[in-house]
Structure formats: structure tokens, C-alpha cells
Amino acid sequence: MTIDVSSRPARITSALTITGGSGDYDPEGIAIAPDGTYWIASEGNASDSRPNRLLQVDAAGYVVDEVGLPDEIIACRSASENRGTLGSGFEGLTVLPQKNGYKLLVAQQRGWDYTTTDACEDLDDDAGGLNAKDEPKQTFKPEGVAITDSGRTFVVTDNDGVDDWSGETWFLRLGDVDRLFE
């Protein structure tokens, strides 16, 4: 895919069809790895009938790898009676170069709040993530993450589907990647 940003707004000048893999994707973010492959964040759903996945796609659009959530996270999601937060999933992603390869950093739309065993609660990334009405909190909804060549880390928020919010999109500088992800 080529995006021309020399004039505003950006203009998509070509497209790449994703082929191979298990299918049923909901692409939300894309990043280019040092090896020239693309990584795509595919958002899942609350039932995991469409799982959250990271797709590695070659230059022709063929899926060469799919990375899903760890088995223990899938088990906790399945066992949870509270489905409210589980529909929020993978959004944007970025590549973090390392000495011997790279890491992927993924923006997850909202935290998941499990209603299960203590073992699952230890994996819960949204402890206390409910508001006074016992609903998922509707807050700082990341849609994308990026790291510049100089190591500055940015997150952009979404502005839809948020109750009690004025709807601004925020572009946040989080700081130097080495200090954030040691």
C-alpha cells in the first residue's frame, strides 16, 4: 500500500489484498518491519469467534504468520461472565527495532475486565475497570501507536463510542521508548 502525504488530505494510491491465513480479519493498524514484511493488528470480538491477532504479511499480501493471544488469556476470556470489556481489542501497532530483530507494540482499545478466578485476575489488565453503573469505563481509547526514528513514542486516541466525553481525538507524546519499555 502506498499513501501519498505530500498534499493534505492523504490519498491512497494503491491497495494490497490480504490472502492466505485463517481469514475473518478486522485490520485496524499496520507497521512495516525491518525485513520488509507488514504487521497488521486485527481486532477480535467479545466471543473470540474472531480472535485478536497480529498478522505478518509479505509484500504480495500473503499471510506468513499469525500471532494470537496466549492460551491462558483465551481461557480467562472464555470463562469470564462479564463480556462488556472483551469486545475491545487490538488497534494500532508499531515496530520497535532491537539489536537482534524487533518487537511489536500494540495499542489495545480498552482493558479487559475478567470476572473469573484469581489466576485470571492476575492477568487482568483493567482491574477496577468499571464505572459506578457497573459498566466498562469509557476513557484515554487508544487507536494507534508509533515510535519515531529518534525513539519518541506517540499514541492517538479514538473519538467515537465514548459516553460522557466531548469527543476530541488526542495525540499524546508518551516519552522516550527506552524509558517506557525497558
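Predicted model only: the values in this text are computed from it and were never measured. (Residues numbered from 1 in each chain as written. Predicted model: local features only at pLDDT ≥ 70, side-chain atom pairs only at ≥ 80, totals over all residues. Heavy atoms only, no water.)

Points about helix H1 (residues 71-79)
- Buried within H1 are the following residues: Ile73, Cys76 and Arg77. In an axial view of H1, the angular spread of the buried residues amounts to 100 degrees, which keeps them on one side of the axis. Those residues of H1 that are exposed and aimed more than 90 degrees away from the buried face are Asp71 and Ser78. (Buried < 20%, exposed > 50% of the residue type's maximum accessible area, 1.4 Å probe, protein only. Helix = DSSP H or I, 4+ residues; strand = E, 2+ residues; numbered from the N terminus. Arc of directions from axis to C-beta.)

Here's the deal with unusual backbone geometry
- In this structure, aspartate 24 is a non-glycine residue whose phi angle is positive, near 50 degrees.
- Within the secondary structure layout, aspartate 24 lies in the loop between strand S2 (11-12) and strand S3 (27-32).

A look at the sheet that holds strand S9 (residues 142-147)
- The sheet built from three strands is open, its strands ordered S9-S10-S11 with antiparallel pairing. The open sheet has two edge strands, S9 and strand S11 (171-176), and neither has a second partner. Each adjacent strand pair in this sheet contributes to an overall mean axis angle of 20 degrees, direction not counted.
- The sheet contact formed by strand S10 (residues 152-157) and S11 spans five bridges and is antiparallel. When the bridges of S11 are listed, valine 155 appears paired with leucine 172. (Pairing = 2+ DSSP bridges. Axes fitted to C-alpha atoms, helices over the stretch in contact; angles between N-to-C directions.)

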